[in-house]
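Letter by letter, the chains look like this.
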Amino acid sequence: MNQTLPEKIAALERAIKREKAGKKQAETELENYSRQIYEANLTAEEQSRQAQIKQVHLSFLTGVAAETWKHASFDDLIENYLQRCHHFLDNAVCCFFQMEKDYSRSHIQTYCRDQALIQPDCDISDDKVHEIFDHLDCFKIGLELQKNSHGQLFNVAELSKQKHSEFYYQHIFILPLFHKKSNNENNLGVVCFFYHDKDEIDIFKLQTLESSRANLAIAIEQKQADIALKKRLVDLEQSNQALEKAQNQLIESEKLASLGLLSAGIAHEINNPIGYVLSNLDSMKDYLSDIEETFKPLVKLMSASQAISFEGSEQFKQNWQQYDLPYLLEDSHEIINSSLDGLLRVKEIINDLGRFSRMDDDELEPTNINEVLEKTLKCLTTNLNTSSNLILTMMPITSF
Amino acid sequence: MKGAIFTCLQELVEQEHGILFWDKVLAEKSYDSDGIYISTKSYSDEELFSIVTYLSEATKTEPSQLIRSLGEKLFSKLLPMAPPEAQQARDLRSFLLMVEKIIHVEVLKLYADANLPEFKYDNQQSDYLIMKYTSPRKLCHLSEGLIFGAAAHFKQEITIEQTTCMHSGDDCCTLKILFL
């Protein structure tokens, strides 16, 4: 490396120049990197903020999704939703109600706990909800909600029936949850969020509310179906009880009908022998009278002072006295009469039983109820306790 | 090629041959960089190959040897920039196994435009390690130098055999590192 001094100086100068240029480039690079890092930080901060916001939105959605299905009653479900919305929308005052066919409100539920504590004037009660909506054009609101079944922001001043609105709340976001339409009802379930100032409204959060609506609507539909199902179950149980009662009555009727049939059968079977026994006894009564008449002259002769004697007359007389024939004849008459009376009573009972069972006639016909009662009591005579005292008072039936 | 390699080469040449010699190297040819290198910027590969060719002729040293020496020196420059896990590796083998899966991944996070070589590991025996090097730059000798630099850092003695080499028409360079 045989270089002259000027060459060496020139070489060193070039090296210094390169060094300086390199330093300048490095500084420029450093500045670029610093700027890039700063911008990346800004982007990261913004992304972090966005992520936190999304996290809040996601937390709201997952909370609604998870808890919506846990609640047993419809009111609890709505209460939970209002509570979550209230906190999600930075303590926004909210309420739920059903808008009926005539635009009246029912089933109002409000939630404004924290807000009411801060500013009591902001409180929303059931009466306040009625007051606000009484002054608004509910027909227009209902029409808009039915036309576009998603959440909509309404300006109170624009919807007010009066020229100047005196209400604290100037904006209402209404979220339709369900629309029940059947023969008996036509109502719209809505959740309302009240705002005093438009600046309080976070449109992105309202969009998230809109997203939560589908899940909630399904849960409400399911809950309403459950309620309808339970009601139907109760109705079915009642119908079942009525059917069981009717069935028991039918069984009783069947039993009575069978009993009637049996009675009629037995009556028919008994009537025949009773007929000929009565006939025989009647004949026997006549025969006994004839026998008595036949013996009368003989008895007269035997008991006269100048009795006639004939062969065997002594024996006849002895038998007559020994067996006390006059008594036998007299008692036979009584026995036959008593038997005839008994049989006639049996016949009468059988006839009454037949009439009571009514097996011979299914058609409805005028009946003398007094007669039925009397005959029934006659059937029951033997069953009645001797100590029992039955008092029967019947109005005379004149037009029968 | 990252400027760090050029600055390291400059340092190596200046240490061994002086500032004037480096000035002479740069004066031999016109380069896009005008001989001004900063470690974070990228420069043409051709520029490095051109400088090495000149150095080889001027110092009558094989380019492969020059590149190997550059790699050995470069290791101490690159190590502080390596991920903490790699810096705290317990021995050379552990460190080398981290090159592909940890160090290169982290380098790409910092320099998305870096054209890094690809290493595949094979036949990991207790006494040697095979690293298969693939890169269109064919700087297998730089890798060898870096491995020697790492061995010096971990105070381990090694030898490296190249069983295949892209300079000989092979698909990859096979570096068999024998732990002595």
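Attention in this report is confined to the structure presented alongside it. As the structure is a prediction and not an experimental result, all values here were calculated from the model.

Turning our eyes to something else, we now look at the overall build of chain A. What chain A contains, in helices and strands, is 10 helices and 5 strands. Split into buried and exposed, the 400 residues of chain A put 26% on the buried side. Look at the contacts in chain A between residues 6 or more apart in sequence, and 63% of them connect residues 24 or more apart.

On to unusual backbone geometry, then. Its identity as a non-glycine residue notwithstanding, H107 of chain A has a phi of 50°, on the positive side. A positive phi angle is found at D324 of chain A, which is not glycine, with a value near 55°.

Summed over all chains, the structure comprises 18 aromatic pairs over all chains. Both rings, one in Y168 of chain A and one in Y169 of chain A, keep their centres 5.0 Å apart while their planes meet at 85°; by these two values the pair is edge-to-face. Ring geometry for F75 of chain B and F95 of chain B: centres 5.5 Å apart, planes at 80°, overall edge-to-face. Of the two residues, F75 of chain B sits in helix α4 (residues 63-78) while F95 of chain B sits in helix α6 (residues 92-110), which places them 20 residues apart along the sequence. With respect to class, F75 of chain B is no different from F95 of chain B; both count as buried. Members of the aromatic cluster, connected to one another through ring pairs, are F74, F96 and F178 of chain A.

Counting residues at the interface gives 15 residues for chain A, matched by 15 residues for chain B. Both sides together, the interface formed by chain A and chain B hides about 1,200 Å², and carbon and sulfur atoms give 64% of it. At the surface where chain A touches chain B, the tally comes to 2 salt bridges. Put simply, chain A and chain B have 2 residue pairs in polar contact (both at pLDDT 80 or more) between them. Along the lines of polarity and charge, the residues of the side of chain A that touches chain B split into 7 nonpolar, 3 polar and 5 charged.

All names here are of chain B. In this model, helix α7 (residues 140-153) (14 residues) spans 20 Å end to end at C-alpha, consistent with the 20 Å of a helix rising 1.5 Å per residue. Tucked inside the fold, the buried residues of α7 contact α4, α6, β1 (118-122), β2 (128-134), β3 (158-164) and β4 (173-179). Remark: K155 follows α7 within two positions and exhibits a positive phi of approximately 55°.

Another point: the state of the cysteines. Simply put, the disulfide is a covalent bond whose two ends are the sulfur atoms of two cysteines. Inspection of every chain in the model, using the stated rule, returns 0 disulfides over all chains. C192 of chain A supplies the cysteine sulfur nearest to C95 of chain A, a cysteine that is in no disulfide, at a spacing of 4.4 Å. What makes C95 of chain A buried here is its relative accessible area of 0%. C140 of chain B takes part in no disulfide bond, and the closest cysteine sulfur, belonging to C173 of chain B, lies 3.7 Å away.

Counting residues in hydrophobic clusters, the biggest one holds 55 residues, and the most contacted among them are I51 and F95 of chain B. Leaving out residues up to four positions away in the same chain, F95 of chain B has contacts with F75, L79, A86, A89, I103, A150 and F154 of chain B.

Moving on: the side chain of Q109 of chain A. All names here are of chain A. Inspection of the secondary structure assignment puts Q109 in strand β2 (residues 105-111). What makes Q109 buried here is its relative accessible area of 13%. Discounting residues that sit within four places of it in the chain, Q109 has contacts with D75, I78, E79, L82, C94, C95 and F96.

To continue, consider the layout of surface pockets. All names here are of chain B. Empty space within the largest pocket amounts to approximately 1,000 Å³. The set of elements that each furnish at least two residues to the lining of the largest pocket consists of α1 (3-17), α4, α6, β2 and α7. Looking at which element gives the most residues to the lining of the largest pocket, the answer is α6, with 8 residues.

For the rest of this paragraph, the subject is helix α2 (residues 74-88) of chain A. A rise of 1.5 Å per residue sets the reference length of α2 of chain A, with its 15 residues, at 21 Å; its end C-alpha atoms lie 21 Å apart and thus fit the reference within 8%. Within α2 of chain A the residues assigned to the buried category are F74, L77, I78, N80, Y81, L82, C85, H86 and F88 of chain A.

Further remarks concern the packing of helix α3 (residues 45-59) of chain B against α4 of chain B. Residues and elements named next belong to chain B. The contact between α3 and α4 brings their axes to 9 Å, and the two run at 115°. Comparing the axis directions of α3 and α4 gives the class roughly perpendicular. Here α3 and α4 pass one another in a crossing that is right-handed. Of the residues in α4, those touching α3 at L48, V52, L55, S56 and T59 are P63, L66, I67 and L70.

This part covers the sheet that holds β3 of chain B. All names here are of chain B. On the basis of which strands lie adjacent, the open sheet formed by 4 strands has the order β1-β2-β4-β3 and antiparallel pairing. Strands with a single pairing partner mark the edges of an open sheet, and in this sheet they are β1 and β3. With direction set aside, neighbouring strand axes in the sheet form an average angle of 25°. Relative to β4, β3 runs antiparallel, the two sharing 6 bridges. Looking across to β4, one finds that I158 is bridged to F179. Taken strand by strand, α6 contacts β1, β2, β3 and β4, and its axis lies near 135° from that of β1.

Attention now moves to the pairing of strand β4 (residues 171-181) of chain A. Residues and elements named next belong to chain A. Of all 11 residues in β4, 8 are buried, a share of seventy percent or more. Pairing of strand β3 (residues 152-155) with β4, which is carried by 4 bridges, proceeds in the antiparallel orientation. Considered in β4, the bridge of Q152 is made with I174. Here β4 runs beside strand β5 (residues 186-195); their pairing, made up of 10 bridges, is antiparallel. From the neighbouring strand, K181 faces β5, where its bridge partner is N186.

All names here are of chain A. Sheet architecture is open: 5 strands sit in the order β2-β1-β5-β4-β3, paired in antiparallel fashion. Each edge of the open sheet is held by one strand with a lone partner, namely β2 and β3. On average, each strand axis in the sheet is tilted by 25° relative to the strand beside it, whichever way the strands run. Of the strands in this sheet, β1 (93-99), β2, β3, β4 and β5 touch helix α5 (residues 138-147), which is tilted by about 160° from β3.

All names here are of chain A. Here L175 shows up in strand β4. Taking the C-alpha atoms as reference, L175 lies 9.4 Å from F96; in sequence the two are 79 residues apart. Among residues more than four places away in sequence, those in contact with L175 are Y81, G151, G189, V190, V191, F193, L209, E210 and R213.

What follows is about the pattern of salt bridges. Pairing is possible between side chains that carry opposite charge, provided their charged atoms lie close to one another. Throughout the structure, instances matching the rule amount to 18 salt bridges over all chains. Here R213 of chain A ties to E210 of chain A by a salt bridge, and the two come within 3.0 Å at their closest N and O atoms. Within this pair, R213 of chain A and its partner E210 of chain A are both found in helix α7 (residues 203-303), separated by 3 residues, close to a single helical turn. Across the pair K109 of chain B and E106 of chain B runs a salt bridge, and its minimum N-O distance is 2.9 Å. Of this pair, K109 of chain B and E106 of chain B both sit in helix α6, separated by 3 residues, roughly a single helical turn.

Definitions and limits used
Residues numbered from 1 in each chain as written. Chains lettered and ligands numbered in written order. Predicted model: local features only at pLDDT ≥ 70, side-chain atom pairs only at ≥ 80, totals over all residues. Heavy atoms only, no water. Helix = DSSP H or I, 4+ residues; strand = E, 2+ residues; numbered from the N terminus. Buried < 20%, exposed > 50% of the residue type's maximum accessible area, 1.4 Å probe, protein only. Contact = heavy atoms within 4.5 Å. Phe/Tyr/Trp six-rings, centres within 6.5 Å; stacked < 30°, edge-to-face > 60°. Buried area = accessible area lost by both parts, 1.4 Å probe. Salt bridge = Lys/Arg side-chain N within 4 Å of Asp/Glu carboxyl O. Polar contact = N/O pair within 3.5 Å; in protein donor to acceptor, adjacent residues only side chain to side chain. Nonpolar A, V, L, I, M, F, W, Y, C, P; charged D, E, K, R; others polar. Expected span 1.5 Å × (residues − 1). Disulfide = S-S within 2.5 Å. Core = buried A, V, L, I, M, F, W, Y, C linked by side-chain atoms within 4.5 Å. 1 Å grid on protein atoms, 1.4 Å probe; cavity = no way out; pocket = protein on both sides within 12 Å on 5 of 7 lines; lining within 4 Å. Points joined across faces, edges and corners; volume = space filled by probe spheres on them. Axes fitted to C-alpha atoms, helices over the stretch in contact; angles between N-to-C directions. Parallel < 35°, antiparallel > 145°, perpendicular 65-115°, else oblique. Left-handed = near helix turned anticlockwise from the far one by under 90°. Pairing = 2+ DSSP bridges.

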